[in-house]
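# Architecture and fold: a report
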Amino acid sequence: MLSSLKHASRLVGGLRVGSQARGFASQSFTLPDLAYDYGELEPSISATIMEIHHQKHHQTYITNLNASLEKYADAEAKGDVAAMIALQGAIKFNGG
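As a starting point, this report considers the structure included with it. Please read all numbers here as calculations on a predicted model, not as lab measurements.

A cis geometry characterises the amide bond from Glu-42 onward to Pro-43, with omega recorded as 10°. One can find Pro-43 in the loop between helix 2 (19-26) and helix 3 (47-78).

What follows is the structure in structure tokens.
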């Protein structure tokens with residue numbers, strides 16, 4: 001049991017806990033601009049739908065990833081392994 005807890009506390013969403021994880025937790029991710037204009041997919045997909053999808057839907061993933069990483073860094077600083085493990089799903093889901 002102890003070895004599985006030790007292993008779980010070292011891996012978070014494929015990221016190793018320690019200096020690498022703290023590096024991710026201390027940075028803020030931003031939504032990249034699209035390489036094309038929102039209207040370039042018309043008439044198949046409207047510019048309005050593309051804008052909403054990019055600026056609202058995808059931005060939500062970025063916002064939630066940053067929040068999860070911040071919570072992870074706080075949990076790590078406190079040595080709260082249970083919270084670190086609980087945050088793995090949110091980090092993996094929102095960070096891909």
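Past the structure itself, the notes keep going.
With respect to the helices and strands, the residue His-54 is situated in helix 3. Beyond its immediate sequence surroundings of up to four residues, His-54 is in contact with Leu-31, Pro-32, Asp-33, Leu-34, Tyr-38 and Gln-59.

Per the counting criterion, the structure on display carries one aromatic pair. Plain terms: the ring middles of Tyr-61 and Phe-93 are 5.7 Å apart, the flat faces sit at 50° to each other, and that makes the pair tilted. Residue Tyr-61 is found in helix 3, and its partner Phe-93 is found in helix 5 (residues 88-95); the two are separated by 32 residues along the sequence. Relative accessible area serves as the criterion here: at 26%, Tyr-61 is assigned to the partly exposed category. Here Phe-93 falls in the exposed class, since its relative accessible area comes to 58%.

The rules we used
Residue numbers restart at each chain and count upward from 1, following the sequence in its written direction. With pLDDT at 70 or above as the cut-off, local features in this predicted model cover only qualifying residues; side-chain atom pairs require 80 or more to be listed or tallied, and sums for whole chains, interfaces and linings still use all residues. Excluded from the side-chain calculations are hydrogens and water; all other atoms, namely the structure's heavy atoms, are used. Secondary structure elements are defined from DSSP: runs of H or I of at least 4 residues count as helices, runs of E of at least 2 residues count as strands, and each element is numbered from the N terminus. The contact rule is simple, with two residues in contact once any of their heavy atoms fall within 4.5 Å. Ring pairs shown here join Phe, Tyr and Trp side chains whose ring centres sit within 6.5 Å, with only the six-membered ring taken for Trp; geometry is labelled stacked below 30 degrees between planes, edge-to-face above 60, and tilted in between. Categorising residues by exposure relies on relative accessible area from a 1.4 Å probe, with only protein chains included: less than 20% of the type maximum marks a residue as buried, more than 50% marks it as exposed, and the intermediate range marks it as partly exposed.

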